[in-house]
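As a plain string of letters, each chain reads:
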Amino acid sequence: MDKQSNKTVPGALREGALQDKTIVVTGGGTGLGRAMSTYFLQLGARVVIASRKIAVLETAAAEMAAETGGQVLPIACDVRDITQVEHLLSRSLQTFGRVDALVNNAAGNFIAPTERLSANAFSTVIDIVLKGTANCTLAFGKHWIAERQPASILNMITTYAFTGSGYVTPSAAAKGGVLALTRSLAAEWGKYGIRSNAIAPGPFPTKGAWERLLPGDLAQQFDFKDYVPLKRVGDHQELANLAAFLLSDFAGYINGETITIDGGEWLQGAGQFNRLAAIPDTLWDALEQQTRSAKGS
Ligand code: HXC
Ligand code: NAP
């Protein structure tokens, strides 16, 4: 499932669009992080992938380097621990000399009724998603400001950062916090040439997300594509295209923006009358007559 990339979706950017940029991607060894990192490499970037499981990162790095011919450095880092995050920054600088962008993609999540969560369960998700993003942003941001170096931060949130969502409340609270962080720093750090943006994906099947959010036969019972106006889930390359654009110089005036990429899913859930999609076409003639006849009443 992690290698979802559908060859029918082409890369969107021109060759060399990220040439000579060094990009650090947390959670870059799996799922969407891996898809983005692979595309960044194809576009000429040097990439650092960081997460807790060094064996997973090393295997992914070897495969990605073989596939793209690019330079990719795996570094073990638990984003909850500021010391490990500072080590991630210093090793990236030692190896590549500079870092131009940070993608805060690492996350932890699982479904559960909120009243079943222990305090530690709630904090665990908040610590990875919100505190981990804050740790990385602080460490890298301080470095860029001290070096007077323009840079770019890209945060992976979700559409329920706008709406909230039951059964994933720690994740919703944390992603809502990351959205606020994105907008706050766009305003505050713009003066240093540091852009902060976010992507809010809808459903993009990955092993990590699906095992924790749709375990067992839930994937059949709650098939995400049924809730998407476009009637399909996202392709990893579609997300990678957007991420590469936002980090590229083509997006140099985009700052503080969140781009939703969900096939229209969250708006379909929000619009009061969108459920009328369930009305068969054959009924609309009769309904039209009834609504027209209401004119005189
Ligand atoms: C209730 C649970 C639980 C569950 C864990 N806990 N799983 N409680 N229901 N299913 C509790 C534990 O009992 C413990 O609390 C606390 O949470 C910490 O659990 P650990 O296993 O010790 O934590 P850790 O090893 O740090 O693992 C973190 C994790 C795990 C979040 C629980 O799932 C993980 O490593 N996830 C990383 C990858 C991931 O989640 N990917 C999906 C991202 S998808 P106690 O009180 O017992 O100590 C995503 C998509 C959004 O964000 C939108 C999709 C459409
Ligand atoms: P995934 O493959 O499970 O990715 C999560 C990554 O985070 C893993 O590589 C994991 O690696 C890393 N990670 C977890 N805890 C960490 C920690 N404490 N320190 C460092 N790294 C840690 O899931 P995904 O679906 O690709 O998700 C990627 C991002 O997209 C997440 O931010 C997620 O919220 C967002 N998103 C996904 C979807 C979707 O449909 N897939 C939808 C909306 C948003 P280790 O286990 O090695 O640490």
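Before reading further, recall that the structure is shown in the block above.
All values derive from a computational prediction rather than experimental measurement.

Asks: Before we go on, may I ask you to explain the environment of G208 in this structure?
Replies: Turning to its location among the elements, G208 is positioned in helix α7 (residues 207-213). Judged by its relative accessible area of 29%, G208 is partly exposed. Residues G208 and K175, spaced 33 residues apart in sequence, show a C-alpha to C-alpha distance of 17 Å.

Asks: Is there a simple way to think about the site of ligand 2 in this case?
Replies: By nearness alone, 27 residues border ligand 2, and T30, S51, R52, K53 and T206 come closest of all. At 2.7 Å from an oxygen atom of ligand 2 is found a side-chain nitrogen or oxygen belonging to T30. Taking V79, its main chain carries an N or O atom lying 3.0 Å from a nitrogen atom of ligand 2. Here ligand 2 has 870 Å² of accessible area as a free molecule, and 91% of this is covered by the chains. For the shell around ligand 2, the elements supplying multiple residues, two or more each, are α1 (31-42) and α7.

Asks: Please clarify how the sheet that holds strand β6 (residues 194-201) should be interpreted in this entry.
Replies: Strand pairing in a sheet takes place through backbone hydrogen bonds and is either antiparallel or parallel in direction. The seven strands are arranged β3-β2-β1-β4-β5-β6-β7 in an open sheet whose pairing can be described as parallel. Only two strands of the sheet have a single partner each, and these edge strands are β3 (72-76) and β7 (258-261). Across this sheet, the average inter-strand angle for adjacent strands is 20°, counted without regard to direction. Summarising the sheet, strand β5 (residues 151-156) and β6 pair through six bridges and their orientation is parallel.

Asks: Which parts of the structure should I look at to understand the state of the cysteines?
Replies: Here is the idea: a disulfide is a covalent bond, and it sits between the sulfur atoms of two cysteines. Overall, the coordinates contain zero disulfides when judged by the stated rule. No disulfide involves C77; its nearest neighbouring cysteine sulfur is the one of C136, lying 5.8 Å away.

Asks: How should the environment of Q84 be read in this particular structure?
Replies: Summarising the element assignment, Q84 is placed in helix α3 (residues 82-96). A polar contact of 2.7 Å, which involves the side chain of Q84, links it to the backbone nitrogen of D78.

Asks: When you look at unusual backbone geometry in this model, what are you seeing that I'm missing?
Replies: For Y167, which is not glycine, the phi dihedral falls at a positive 70°. Tracing the backbone shows Y167 in the loop between α5 (160-163) and α6 (169-189). The phi angle at K231 is positive, at roughly 60°, despite the residue not being glycine. By secondary structure assignment, the location of K231 is in the loop between α8 (218-221) and α9 (236-247).

Asks: Mind showing me how you'd approach the packing of α3 against helix α4 (residues 119-147) here?
Replies: How two helices pack is summed up by the angle between their axes together with the distance between the axes. It is the contact of α3 with α4, at a shortest axis distance of 9 Å, that shows an interaxial angle of 40°. Judged by the inter-axis angle, α3 sits oblique to α4. Crossing handedness for the pair α3 and α4: right-handed. Of the residues in α4, those in contact with I82, V85, E86, L88, L89 and L93 of α3 are N135, C136, A139, F140 and H143. Grouping the constituent residues of the contact of α3 with α4 by class yields eight nonpolar, two polar and one charged.

Asks: Please clarify how the site of ligand 1 should be interpreted in this entry.
Replies: Inspection of the region around ligand 1 gives 16 residues, with R52, N109, S118, N120 and R212 positioned closest. In this structure, R52 approaches ligand 1 through a side-chain N or O atom, which is 2.8 Å from an oxygen atom. In this structure, an oxygen atom belonging to ligand 1 sits 2.8 Å away from a side-chain N or O atom of N120. For ligand 1, whose free accessible area comes to 1100 Å², the fraction covered by protein is 61%. Broken down by secondary-structure element, the contributors of at least two residues to the shell around ligand 1 are α4 and α7. Take the shell around ligand 1: its biggest share by element is four residues, from α7. Its residues assigned to classes, the shell around ligand 1 shows six nonpolar, seven polar and three charged.

Analysis parameters
Residues numbered from 1 in each chain as written. Chains lettered and ligands numbered in written order. Predicted model: local features only at pLDDT ≥ 70, side-chain atom pairs only at ≥ 80, totals over all residues. Heavy atoms only, no water. Helix = DSSP H or I, 4+ residues; strand = E, 2+ residues; numbered from the N terminus. Buried < 20%, exposed > 50% of the residue type's maximum accessible area, 1.4 Å probe, protein only. Near = heavy atom within 4 Å. Polar contact = N/O pair within 3.5 Å; in protein donor to acceptor, adjacent residues only side chain to side chain. Areas by Shrake-Rupley, 256 points an atom, 1.4 Å probe, with all protein chains shown as cover. Pairing = 2+ DSSP bridges. Axes fitted to C-alpha atoms, helices over the stretch in contact; angles between N-to-C directions. Disulfide = S-S within 2.5 Å. Parallel < 35°, antiparallel > 145°, perpendicular 65-115°, else oblique. Left-handed = near helix turned anticlockwise from the far one by under 90°. Contact = heavy atoms within 4.5 Å. Nonpolar A, V, L, I, M, F, W, Y, C, P; charged D, E, K, R; others polar.

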